[in-house]
Amino acid sequence: MNILIVGNGFDLAHGLPTKYADFLKFIDFFYKHKAQESSGLELIAGEDINCYKYFTDLFNSKQDSEFDQYLYDQSRKTIHELSDLCKDNAWIKYFSEVYKSREQKGKDGWIDFESEISLIIQTFNSVSRDIQETIQKGGVGTVLSQRQLNVLALFLEKMDSSSGMATHVWKKEEIDFWKQKLLEDLNKLTRALEIYLSDYISNFYAGKWTARYKKLAIFGQNFIVQLYMYISEDIRRTSVFGV
């Protein structure tokens, strides 16, 4: 039996586009191709050929036979689901802005999703605590500190803090709304990542090497752990954490 033990970077070393930045570009190309759907899909500048082939199959599926009808139905389901998951998604919007900003500064575009999400959630929690303290003292809300404003700016409907947000009094109802929205959007982001891994990566990349191995021992709690959950039913996955 062939046993393959993999660690951090194994996916990238095998040419798998499993960076979060790759996922964000995938979503960007999805919307651009969706806009091309009525006129015909064309390769977009900077787009990987496999990504283009995936979207060509997705948007151009036919209904000529019973099997084709099944593929067509699945394709339309994926299109509608991705559209719903990504529409006005605060996390995708935020991470896309962060990625573009890093790219413009000549950085590699790498984004630590987990740290960014943690920072945002902790900041909202700190605002919530400030509001509670203000209410206990007889007030109704609080103004964001400069640090809180800097962290949360990209999530606010008015991102120009100089035009009111710096002096806006935040109330409990507003923070509760954003906390609920971010939770819902985080669940949608997770599902969109699952589609990216299971429907795109597994079909266009993983088949090059997965057939060679029957068991994987995976070390590390990074993106690759999620990846191998969806790559192949032929692989029996064994995860070992904390090594």
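Residues numbered from 1 in each chain as written. Predicted model: local features only at pLDDT ≥ 70, side-chain atom pairs only at ≥ 80, totals over all residues. Heavy atoms only, no water.

1. Digging into the overall build of the chain
Next up, step 1: Summing up its helical and strand segments, the chain has nine helices and five strands in all.
Next up, step 2: Starting at the N terminus and walking to the C terminus, you meet the elements of the chain as β-α-α-α-α-α-α-β-α-β-α-β-α-β.
Next up, step 3: The buried share of the chain, taken over its 243 residues, is 40%.
Next up, step 4: If you take every contact in the chain between residues at least 6 apart in sequence, the share linking residues at least 24 apart comes to 64%.
Next up, step 5: Of the roughly 14000 Å² that the chain leaves accessible, carbon and sulfur atoms contribute 49%. (Helix = DSSP H or I, 4+ residues; strand = E, 2+ residues; numbered from the N terminus. Buried < 20%, exposed > 50% of the residue type's maximum accessible area, 1.4 Å probe, protein only. Contact = heavy atoms within 4.5 Å. Areas by Shrake-Rupley, 256 points an atom, 1.4 Å probe, with all protein chains shown as cover.)

2. Considerations on helix α6 (residues 113-136)
Next up, step 1: Its 24 residues place the ends of α6 35 Å apart at the C-alpha level, agreeing with the 34 Å of an ideal helix rising 1.5 Å per residue.
Next up, step 2: Looking at α6, one finds that the buried residues are F113, I117, I120, T123, F124, S126, V127, S128 and I131.
Next up, step 3: In this fold, the buried residues of α6 make contact with α2 (20-36), α5 (90-104), β2 (141-143), α7 (146-152), β3 (169-171) and α8 (172-204).
Next up, step 4: Phi turns positive, to about 100°, at G138, one or two residues after α6. (Expected span 1.5 Å × (residues − 1).)

3. Describing the nonpolar core
What tends to happen in soluble globular proteins is that the nonpolar side chains get buried as a cluster.
Next up, step 1: Formed by 53 residues in total, the largest nonpolar core has its most connected members in F26, F55, F95 and I120.
Next up, step 2: Counting residues per element, the ones that place at least two in this core are α2, α3 (49-59), α4 (66-86), α5, α6, α7 and α8.
Next up, step 3: Excluding residues that lie within four positions of it along the chain, I120 makes contacts with W91, Y94, V151, L152, F155 and L182. (Core = buried A, V, L, I, M, F, W, Y, C linked by side-chain atoms within 4.5 Å.)

4. Considerations on the environment of L12
Next up, step 1: Mapped onto the secondary structure, L12 falls in helix α1 (residues 10-13).
Next up, step 2: For L12, a relative accessible area of 42% gives the class partly exposed.
Next up, step 3: Not counting the four nearest positions on each side in its chain, L12 is found in contact with T18 and K19.

5. What about the environment of V143?
Next up, step 1: Among the structural elements, V143 can be located in strand β2.
Next up, step 2: Counting along the chain gives 27 residues from V143 to W170, while the straight-line C-alpha distance between them is 6.0 Å.
Next up, step 3: When residues no more than four places from it in sequence are discounted, the contact partners of V143 are Q148, A166, T167, H168 and V169.

6. Looking at the packing of α2 against α5
Next up, step 1: Running from N to C, α2 and α5 cross one another at 110°; their axes reach a closest spacing of 10 Å. With respect to each other, α2 and α5 are oriented roughly perpendicular. The handedness of the crossing between α2 and α5 is left-handed. Touching A21, L24, K25 and I27 of α2 are I92, F95, S96 and Y99, all from α5. (Axes fitted to C-alpha atoms, helices over the stretch in contact; angles between N-to-C directions. Parallel < 35°, antiparallel > 145°, perpendicular 65-115°, else oblique. Left-handed = near helix turned anticlockwise from the far one by under 90°.)

7. Some words on the packing of α3 against α8
Next up, step 1: Following both chains from N to C, one finds α3 and α8 inclined at 120°, their axes separated by 11 Å at the closest point. Relative to α8, α3 is oriented oblique. With respect to the hand of their crossing, α3 and α8 are arranged in right-handed fashion. Residues N50, C51, K53, Y54 and D57 of α3 form the contact with α8, whose participating residues are D199, Y200 and F204.
Next up, step 2: Within the contact of α3 with α8, the residues separate by chemical class into four nonpolar, one polar and three charged. (Nonpolar A, V, L, I, M, F, W, Y, C, P; charged D, E, K, R; others polar.)

8. What about the pattern of salt bridges?
Next up, step 1: Tallied over the entire structure, the rule returns six salt bridges.
Next up, step 2: Here E81 and R191 are joined by a salt bridge, their closest N and O atoms 2.8 Å apart. Remark: R191 occurs in helix α8 and E81 occurs in helix α4; sequence separation between them is 110 residues.
Next up, step 3: What makes E81 partly exposed here is its relative accessible area of 25%.
Next up, step 4: Owing to a relative accessible area of 31%, R191 belongs among the partly exposed residues under this scheme.
Next up, step 5: Here D176 ties to K172 by a salt bridge, and the two come within 2.7 Å at their closest N and O atoms. Here K172 and D176 lie together in helix α8, a separation of four residues that amounts to about one turn.
Next up, step 6: Residue D176 is classed as partly exposed on the basis of its relative accessible area of 33%.
Next up, step 7: A cluster of three or more residues bridged by salt bridges with shared partners is formed by E81, R191 and E194. (Salt bridge = Lys/Arg side-chain N within 4 Å of Asp/Glu carboxyl O.)

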